[in-house]
Amino acid sequence: AKLAKQELLNETVENVQKHRLEENRQSTQRMMEQKQIKKAHVEASNKSLSPLQEKLEAKKKERQRLEQTAEGNAANNRRKAQVMPATHESITPISTLLRVTNR
C-alpha cells in the first residue's frame with residue numbers, strides 16, 4: 001500500500017511538473033508573439049514617419065538656402081550702397097540744367 005501511494009505521489013509530481021513546463025512554454029511563446037507584434041508596429045510607424053521626415057528635412061534645407069540667399073542679397077545691397085552714391089546726389093537738378101541752357 002505504501003509503494004502504491006508513493007507511485008501515485010510521484011506520478012502526481014510528474015504531472016504537475018509537466019503542466020508547469022507546458023505553461024512556461026506557452027507563456028514564453030505568447031511573450032515572443034507580443035514582441036514580434038510590437039516590433040511590427042514600430043517598423044510600420046517608422047515607415048509612415050519616413051516620408052514626413054523627408055519632407056521636413058527638405059523644408060529645412062530650403063529655408064536654410066533662402067536665408068543664405070537673403071543674407072547674400074543684403075550684403076550685396078550694403079556693398080552697392082557704399083560704392084554708388086545716392087541717386088539724388090549724382091543727378092544734376094533740372095532747374096540747374098535749364099538755367100545753363102537758357103544763358
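Residues numbered from 1 in each chain as written. Predicted model: local features only at pLDDT ≥ 70, side-chain atom pairs only at ≥ 80, totals over all residues. Heavy atoms only, no water.

**With respect to the overall build of the protein chain**
- Counting its secondary structure elements, the protein chain contains three helices and zero strands.
- When burial is assessed residue by residue, the protein chain has 0% of its 103 residues classed as buried.
- For the protein chain, the exposed surface amounts to about 10,400 Å²; the carbon and sulfur share of it is 57%. (Helix = DSSP H or I, 4+ residues; strand = E, 2+ residues; numbered from the N terminus. Buried < 20%, exposed > 50% of the residue type's maximum accessible area, 1.4 Å probe, protein only. Areas by Shrake-Rupley, 256 points an atom, 1.4 Å probe, with all protein chains shown as cover.)

**Topic: helix H1 (residues 2-83)**
- With 82 residues, H1 should reach 122 Å at 1.5 Å per residue; the first-to-last C-alpha distance of 117 Å fits that figure.
- The axis of H1 is deflected most strongly, by about 30°, at Ser50, and proline Pro51 appears within four residues downstream. (Expected span 1.5 Å × (residues − 1). Bend = angle between axes of the 7 residues up to and from the residue.)

**Overview of the pattern of salt bridges**
- Scanning all chains against the criterion turns up two salt bridges.
- Between Glu22 and Arg25 there is a salt bridge, with the nearest N and O atoms lying 2.7 Å from each other. Remark: Arg25 and Glu22 occur in helix H1; sequence separation between them is three residues, near one turn of the helix.
- Among the residues examined, Glu22 registers a relative accessible area of 34% and is labelled partly exposed. (Salt bridge = Lys/Arg side-chain N within 4 Å of Asp/Glu carboxyl O.)

**Side note on the confidence of the model for the protein chain**
- Looking at the protein chain as a whole, its pLDDT mean stands at 85, while 83% of the residues score no less than 70.
- No element of the protein chain has a lower mean pLDDT than helix H2 (residues 87-90), which averages 57, and none a higher one than H1, which averages 90. (pLDDT = per-residue confidence, 0-100.)

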